[in-house]
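Secondary and tertiary structure notes
In case you want the letters, here they are:
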Amino acid sequence: MDIILLKQTAQTLVAPGKGILAADESSKTIQKRFDKINLQSVPETNLAYRKMLFTTPGIEEFLSGVILYDETIRQSIDGVTIPKYLEDRGILPGIKVDQGTEDLPNSPGEKITKGMEGLEERLKEYKELGAKFAKWRAVITIGENIPTDICIEANAESLAQYAALCQEQDIVPIVEPEVLMDGEHDLEKCREVTTKTLKIVFEKLEAHRVALEGMLLKPNMVISGKDFAVKANPQEIAKATVETFLEAVPKEVPGIVFLSGGQTPDEATVNLAAINKISPPAGGWQLSFSYGRALQDEALKVWAGKEENVLEAQKVFLERLRKVSSARSAKSV
Ligand code: 13P
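Being a predicted model, the structure only gives us computed values, none of them experimental.

Looking at the state of the cysteines
Disulfides are covalent bonds that connect the sulfur atoms of two cysteines. Within the structure shown, the criterion is met by zero disulfides. As a non-bridged cysteine, Cys151 has Cys190 as the owner of its nearest cysteine sulfur, 15 Å distant. Residue classification places Cys190 among the buried positions, given a relative accessible area of 2%.

Set out below in structure tokens:
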């Protein structure tokens, strides 16, 4: 494990003003996104869409990294492999290495993430293909009598094993325990579950001797459930989120890169700005973004699967990136 390299990569990913684009939708998820524009997902349409995003002029000012899917890391743009294309533009290529979720046995409504089998070999191959960092997403659901301790612990254990395997290959692990926004719970419930989850995740990471300086955390914001009657405002979300991290995230972690999790692009932007405005130096971490939908939704809609819309979609994509980058720098958006 080359700790100097891991630290350098992690810090590059959270460089001032920059964040990560999550473009690692699995075949199933990209079809769900394409359903909104009535497009069939096949390798060619997936590539056309991602090429539109990646070739947008100026994105390197706001993007430090892009998370790719297995299919995409093997594709090329104008004869150059996508990892090389991105790196040549100063953007680090990353890779999703989990294989989605399945039901947790004996625990209705709960999920465990798949992908541990053969992970070491896959990481070696991805490294050869140019990946500098990786992502593993675990899902925690709030509902009646859930999450259970066993669900949090089993997912935290997998996250820690994955992170240790990544670091052995000098790949920076992004550790993503996502407490879902789905549900009728209030902000306090989200705070309680997120705090507990993060504490257990860091216990496991330490038990597996993961170098915290060479990883990034990708959490949810502390936010009320989608179906809760009263929406928390950005200041309430910011306060609860920052307090949660101060309680549960060790200061050695160089960066926290949020997922957007179903927030609209505007919500994810305004909330990130509010968080950065009140973030005290005590944490020490950079508070940045690793958004999927919040960065892509507007551009996908404008693109609509048509070549003639590429320039307009790129304009919309760049504008959203500019706003999210400003939010990450605590400038007004
Ligand atoms: P969203 O920002 O759309 O939640 O996606 C981020 C991600 O990478 C989920 O794993």
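Some details on the pairing of strand 9 (residues 172-179)
Counting buried positions over the eight residues of strand 9 gives eight, a clear majority of the element. Here strand 9 shows no split at all, with Val172, Ile174, Glu176 and Glu178 on one side and Pro173, Val175, Pro177 and Val179 on the other all buried. Sheet topology note: the strand 8 (residues 133-140)/strand 9 ladder contains eight bridges and is parallel. Residue pairing in the sheet places Val139 in a bridge with Glu178 of strand 9. For strand 9 and strand 10 (residues 216-217), the ladder comprises two bridges, and the chain directions are parallel. Across the sheet, residue Ile174 finds its bridge partner in strand 10, namely Leu216. Since strand 9 and strand 10 lie parallel, the crossover through helix 8 (residues 187-207) that links them has a hand, and here it is right-handed.

Cut-off values and rules
- Residues numbered from 1 in each chain as written.
- Predicted model: local features only at pLDDT ≥ 70, side-chain atom pairs only at ≥ 80, totals over all residues.
- Heavy atoms only, no water.
- Disulfide = S-S within 2.5 Å.
- Buried < 20%, exposed > 50% of the residue type's maximum accessible area, 1.4 Å probe, protein only.
- Helix = DSSP H or I, 4+ residues; strand = E, 2+ residues; numbered from the N terminus.
- Pairing = 2+ DSSP bridges.
- Right-handed = clockwise from strand over helix to strand, strands pointing away.

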